[in-house]
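Below, each chain spelled out in residue letters.
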Amino acid sequence: MTDVFEEIDQIAGIAARKDELLSLHTSFAVGGPCDLMVWVSDIDALKRLLALAKTHSLPVMALGNGSNVLVRDGGVGGVVIRLVDDFATIEAEGEHIHAGAGASLAETVSKATSSGIGGLEFLAGIPGTVGGAVVTNAGSRDVWVSSRLVELGVLTDDLTARRLSPGDLGFGYRHSGIDKTWIVTDVLLAGYRCEVEEARHKVEEYLNMRRTTQPTGENTAGCVFKNPPDDAAGRVIDHAGLKGSRKGGAEISMIHGNWVVNTGGATAGEILDLINETRDKVQDEYGIDLELEINVIGRD
Ligand code: EPU
């Protein structure tokens, strides 16, 4: 390791691995290596990491669960952060859920449900972390996590811990105005009190809907494109006859036109080629400009 990576590795509360392949940490199962991957356990370790990164002008990014991202084959320069331990706690009180940014969204929904908190069921089946869900404003077609957000904790790049309200953050459909240099640390969500059975029933309905209409369990990153106004990207791609199209190991799902599946051995380049080709065909045929919903990062 270079000196700065050695220094990061020695911070208490950080486990580090150099040249870690991001294909091991993304739901598409593609992506080259990052310079350093770190698993950060607590806020002090995160502060020390960000301070060192700043001194050495090292880029940092939080990866979350890697489930809404396409990492290019050349990987990512700098430090990729996974938030664990203190950042993965989930507490329920009254109608509120307080979760660390690294907590699994599925476990958060499950905790809400078993605690008799309703209103978060629409998040069931989304595979990300809580932090990732808030940054991307994940949700269903019409209801997004920002509608349940009370407060957000972030650590800014000048190491200030700030508490922010949704109104400060410019949320929209699959969009947030959370500054790219900030690391989300924790999230306070509010639901409403309800019977456990009622919440469980709704969760089951959402999960069943996803199982029947989406290629769950495959190597995907969820919907590739945002829905265009008053239409659905999946419907348009289906109508254009593009389901089943392939580039190497990448395929447009036969189950849902807005999902690309790595059927085994696909590269990020193949996935990206398939996505670009799909976008061009839809533009030519229907004059619709599809906008990416997934985050494409890294170098070729
Ligand atoms: N459709 C087709 N063919 C297809 C796929 C869909 O004709 O191959 C039609 C459906 O019949 C339906 C319409 O298109 O009439 C919309 O499809 P669907 O109900 O599956 O919802 P969606 O708009 O494609 C949105 C979100 C999903 C979310 C679901 C369920 C976006 C881009 N997608 O999908 O979010 O899970 O609603 O609430 O907003 C994601 O963000 O990654 C994601 C998967």
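Residues numbered from 1 in each chain as written. Predicted model: local features only at pLDDT ≥ 70, side-chain atom pairs only at ≥ 80, totals over all residues. Heavy atoms only, no water.

Summing up its helical and strand segments, the protein chain has seven helices and 16 strands in all. For 300 residues, the compact-globule formula gives about 19 Å, and the C-alpha radius of gyration of the protein chain, at 19 Å, lands near that figure. Scored against the burial criterion, the 300 residues of the protein chain give a buried share of 49%. Of the contacts made within the protein chain by residues no fewer than 6 positions apart, 64% connect residues no fewer than 24 positions apart. Carbon and sulfur atoms form 48% of the exposed surface of the protein chain, whose accessible area is close to 13,500 Å². Within the protein chain, one finds 27 positive and 44 negative side-chain charges whose respective centroids are separated by 2 Å. (Helix = DSSP H or I, 4+ residues; strand = E, 2+ residues; numbered from the N terminus. Rg over C-alpha atoms; globule rule 2.2 N^0.38 Å. Buried < 20%, exposed > 50% of the residue type's maximum accessible area, 1.4 Å probe, protein only. Contact = heavy atoms within 4.5 Å. Areas by Shrake-Rupley, 256 points an atom, 1.4 Å probe, with all protein chains shown as cover. Lys, Arg positive; Asp, Glu negative; His and termini not counted. Charge placed at Lys NZ, Arg CZ, Asp CG, Glu CD.)

Looking at the assigned domains, one finds that the protein chain contains domain 1 (2-85), domain 2 (89-213) and domain 3 (233-297). Between the C-alpha centres of domain 1 and domain 2 the distance comes to 23 Å. Across the boundary between the two partners, domain 1 contributes 14 residues, which contact 15 residues of domain 2. In total, about 1,100 Å² of surface goes out of reach between domain 1 and domain 2, with carbon and sulfur atoms giving 72% of it. (Domains from an automatic or database assignment. Buried area = accessible area lost by both parts, 1.4 Å probe.)

Here we come to the environment of glycine 74. Tracing the chain through its elements places glycine 74 in the loop between strand E4 (69-71) and strand E5 (76-83). Taking the C-alpha atoms as reference points, glycine 74 and glycine 31, separated by 43 residues in sequence, lie 7.0 Å from one another. Setting aside chain neighbours within four positions, we find glycine 74 in contact with Gly32, Pro33, Arg299 and Asp300.

Let's shift gears to the nonpolar core. Grouped together as the largest cluster of nonpolar side chains are 52 residues, with contacts concentrated most on Ile8, Ile14, Val38, Val40, Leu46, Leu49 and Ile81. The element that contributes the greatest number of residues to this core is helix H2 (residues 43-55), accounting for six residues. Taken domain by domain, the makeup of this core includes at least three residues from each of domain 1 (2-85) and domain 2 (89-213). The contact partners of leucine 49, leaving out residues within four places of it in the chain, are Ile8, Ile11, Ile14, Val38, Val40, Val79 and Ile81. Of all hydrophobic cores here, the second largest spans 24 residues; its members include Ala240, Ala250, Ala266 and Leu274. (Core = buried A, V, L, I, M, F, W, Y, C linked by side-chain atoms within 4.5 Å.)

Spatially, five strands are ordered E6-E7-E11-E9-E10 in an open sheet, and the strand pairing comes out antiparallel. Edge strands, defined here as strands with exactly one partner in the open sheet, are strand E6 (90-93) and strand E10 (161-164). Pairs of neighbouring strands in the sheet enclose a mean axial angle of 15 degrees, with direction left out of account. In this fold helix H3 (residues 105-114) packs onto E6, strand E7 (96-100) and strand E11 (183-190), with an angle of close to 25 degrees to the strand it touches most, E6. (Pairing = 2+ DSSP bridges. Axes fitted to C-alpha atoms, helices over the stretch in contact; angles between N-to-C directions.)

Moving on, we get to the sheet that holds strand E13 (residues 246-247). Taking strand neighbours across the sheet as the criterion, the three strands line up as E13-E14-E15 in an open arrangement whose pairing is antiparallel. Among the strands making up the open sheet, the edge pair consists of E13 and strand E15 (260-262). Here E13 pairs with strand E14 (residues 250-252) via two bridges, running antiparallel. Residue pairing across strands places arginine 246 opposite glutamate 251, the latter belonging to E14. The sheet strands contacting helix H7 (residues 268-286) are E13, E14 and E15, and the helix crosses E14 at an angle near 30 degrees.

Below, the discussion takes up the side chain of threonine 26. For threonine 26, the position within the fold is in the loop between strand E1 (14-18) and strand E2 (34-40). Not counting residues up to four positions away in its chain, the partners in contact with threonine 26 are Gly66, Val69 and Val71.

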